[in-house]
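Each chain is listed here by its residues.
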Number of protein chains: 2
Amino acid sequence: MSLELSVDRSSPVPLYFQLSQQLEAAIEHGSLTPGSLLGNEIELAARLGLSRPTVRQAIQSLVDKGLLVRRRGVGTQVVHSQVKRPLELSSLYDDLEAAGQRPATKVLVNTVVPATAEVAAALGVAEDSDVHRVERLRLAHGEPMAHLCNFIPPGLLDLDTAQLESTGLYRMMRAVGITLHSARQTIGARGATSAEADRLGEQEGAPLLTMQRVTFDDTGRAVEYGTHTYRPSRYSFEFQLLVRS
Amino acid sequence: MSLELSVDRSSPVPLYFQLSQQLEAAIEHGSLTPGSLLGNEIELAARLGLSRPTVRQAIQSLVDKGLLVRRRGVGTQVVHSQVKRPLELSSLYDDLEAAGQRPATKVLVNTVVPATAEVAAALGVAEDSDVHRVERLRLAHGEPMAHLCNFIPPGLLDLDTAQLESTGLYRMMRAVGITLHSARQTIGARGATSAEADRLGEQEGAPLLTMQRVTFDDTGRAVEYGTHTYRPSRYSFEFQLLVRS
DNA sequence: GTAGTTCGATTGTCCGGACATATGCATTGA
DNA sequence: TCAATGCATATGTCCGGACAATCGAACTAC
């Protein structure tokens, strides 16, 4: 096999990261076929001129991603799963763009309102304190796909309407240095009310997919609370869950 | 603060794991309050008579779980998120039991059938090869909640009908040594067909929540493919997603 | 007073080694 | 023939140390 691996010690990117990226690329590319052994850590370390802990750190990161499996006494092998994409905190905008749908957004509401009890509880702010309220209609190919209603704590973001129409909320957050960390989601379904049906071009009572989400950044602070409704004929949630032992 | 920490070197459970569990318990219990610093690693290691790598391994596992945040030059602090439960590959049976609902199951179908193209693709077996087909109705408080249709590759499991009615599919898998690893899910919604409406006690056209799932074990082998429909008034999906950088 | 600098504190990365433990296979014994 | 034993192999755990990178605050200079 051999598999050309090398690290650049003069690079500022960590050695274990260089290695894990090369291994991941090899798996993605097919140089490392599913089920194949990876060769033992000691020898791999020797071949690359690295220490075993460094090699282990690289391998461990791929194990966490679900690409590799280690078995004591056996070795490390590539998992032969059909799906390789890791789970992600998905953004509707990115999802659509990745599917080549060229999403469009229409901002319906962009104001500051006092927080209701529900919003205050979700965002962890005082009731009746000011929060941003943004309501958007997301379209693909001119057809409405989803209605998005979001609440954002004040001071985090400059909620420019033009920017909201040209990109997604998550991207705007990342752009100002907020690193998203986790989200608590609830997905359900119900029949459309007359107002919802009107907005999305469906009939009253038609099945709608609903999602509520609170998103947290890496300090545990809630940065967004949203209530979304989707047309199930146009969108469904697709994701991969990894079991955490 | 001090926070009584100790490790038992004679125990077979790894030191880093003992430490991480104690820290997690302290966070859960409230001894470590959100936002509080954890004290530097060096001193913590010295106090416990451990090496720094061991302490770091314990801390890292909690960072991965989303309970702690490390910042260079600052320290490690407890994330002050409202929600602490990690994401999990949820089993409907366990979900219901955790909610104190005492789930009941009625097995409608339990046979072996040739795999359709769809099933074969999901499970990674040959088309028309034998697979188990299990159809179940899950009830809570005597009311139907969901209709579960599952396909399982042959030879994995002894699909005893009585056992299927008294516990969940995931538990049966774990019981025979299968370690679940990840799952690919699709969640959507649609109107109930007349047969579905009949089964679940809804009206035709009523909104239903649908889920399709392929579950993989730690070797990447598909162990189950399921198509489920839920009554949205009785059940919704609730879970936490962690962003993987 | 304000901006830039220095410095201490803390985590990030990396090394080299040691011993424990589980696995699979070959060998041995009944 | 088949089961028990032993051994090589590989990962799991743990140690102690070294230096780098980053953050925040105190300090200094203008």
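A brief look at the structure comes next. Because the structure is predicted, anything quoted here is derived from the model rather than measured.

**Quick word on the protein's contact with DNA strand C**
Next, step 1: Inspection of the region around DNA strand C gives 25 residues, with A:Arg9, A:Leu15, A:Thr54, B:Arg56 and B:Arg72 positioned closest.
Next, step 2: Of everything in DNA strand C that lies within 4 Å of the protein, sugar and phosphate atoms constitute 74%.
Next, step 3: A:Leu15 is positioned with one of its backbone polar atoms (N or O) 2.4 Å from a phosphate oxygen of DNA strand C.
Next, step 4: Measuring from a phosphate oxygen of DNA strand C, one finds a side-chain N or O atom of A:Thr54 at 2.5 Å.
Next, step 5: Of the residues contributing to the surface near DNA strand C, the split by class is seven nonpolar, nine polar and nine charged.

**Overview of empty space enclosed by the protein**
All names here are of chain A.
Next, step 1: In total, this model carries six cavities of 30 Å³ or more according to the counting rule given.
Next, step 2: Taken together, 20 residues make up the lining of the largest cavity; nearest its centre are Ser 90, Ser 91, Leu 92, Arg 213 and His 228.
Next, step 3: When residues of the lining of the largest cavity are traced back to their parent elements, those giving at least two are helix H4 (92-98), strand S4 (130-140), strand S5 (143-152), helix H7 (169-175), strand S7 (207-217) and strand S8 (222-230).
Next, step 4: Residues that form the lining of the largest cavity fall into these classes: nine nonpolar, six polar and five charged.

**A few points about the pattern of salt bridges**
Next, step 1: Counting across every chain of the model gives 24 salt bridges over all chains.
Next, step 2: The network of salt bridges with common partners includes A:Glu41, A:Arg52, A:Arg56 and A:Arg70.

**With respect to the sheet that holds S5(A)**
Next, step 1: The seven strands are arranged S3(A)-S4(A)-S5(A)-S8(A)-S7(A)-S6(A)-S9(B) in an open sheet whose pairing can be described as antiparallel. Edge strands, defined here as strands with exactly one partner in the open sheet, are strand S3 (103-114) of chain A together with strand S9 (237-242) of chain B. With strand direction ignored, the average angle separating the axes of adjacent strands in the sheet is 15 degrees.
Next, step 2: Pairing of S3(A) with S4(A), which is carried by 11 bridges, proceeds in the antiparallel orientation. When the sheet's bridge partners are listed, A:Ala104 is paired in S4(A) with A:Leu139.

**Quick look at unusual backbone geometry**
Next, step 1: You will see that A:Asp128, though not glycine, has its phi angle at about 70 degrees, which is positive.
Next, step 2: Structurally, the position occupied by A:Asp128 is in the loop between helix H5 (117-123) and S4.

**Some remarks on the packing of aromatic side chains**
For any pair of aromatic rings, the description rests on two quantities: the centre-to-centre distance and the angle between the ring planes.
Residue and element names in this part refer to chain A.
Next, step 1: Taken as a whole, this structure holds 11 aromatic pairs over all chains when the rule is applied.
Next, step 2: On the numbers, 6.5 Å between centres and 80 degrees between planes, the contact of Tyr 16 with Phe 17 is edge-to-face.
Next, step 3: Residue Tyr 16 is classed as partly exposed on the basis of its relative accessible area, which comes to 28%.

Criteria and cut-off values
- Residues numbered from 1 in each chain as written.
- Chains lettered and ligands numbered in written order.
- Predicted model: local features only at pLDDT ≥ 70, side-chain atom pairs only at ≥ 80, totals over all residues.
- Heavy atoms only, no water.
- Near = heavy atom within 4 Å.
- Polar contact = N/O pair within 3.5 Å; in protein donor to acceptor, adjacent residues only side chain to side chain.
- Nonpolar A, V, L, I, M, F, W, Y, C, P; charged D, E, K, R; others polar.
- 1 Å grid on protein atoms, 1.4 Å probe; cavity = no way out; pocket = protein on both sides within 12 Å on 5 of 7 lines; lining within 4 Å.
- Points joined across faces, edges and corners; volume = space filled by probe spheres on them.
- Helix = DSSP H or I, 4+ residues; strand = E, 2+ residues; numbered from the N terminus.
- Salt bridge = Lys/Arg side-chain N within 4 Å of Asp/Glu carboxyl O.
- Pairing = 2+ DSSP bridges.
- Axes fitted to C-alpha atoms, helices over the stretch in contact; angles between N-to-C directions.
- Phe/Tyr/Trp six-rings, centres within 6.5 Å; stacked < 30°, edge-to-face > 60°.
- Buried < 20%, exposed > 50% of the residue type's maximum accessible area, 1.4 Å probe, protein only.

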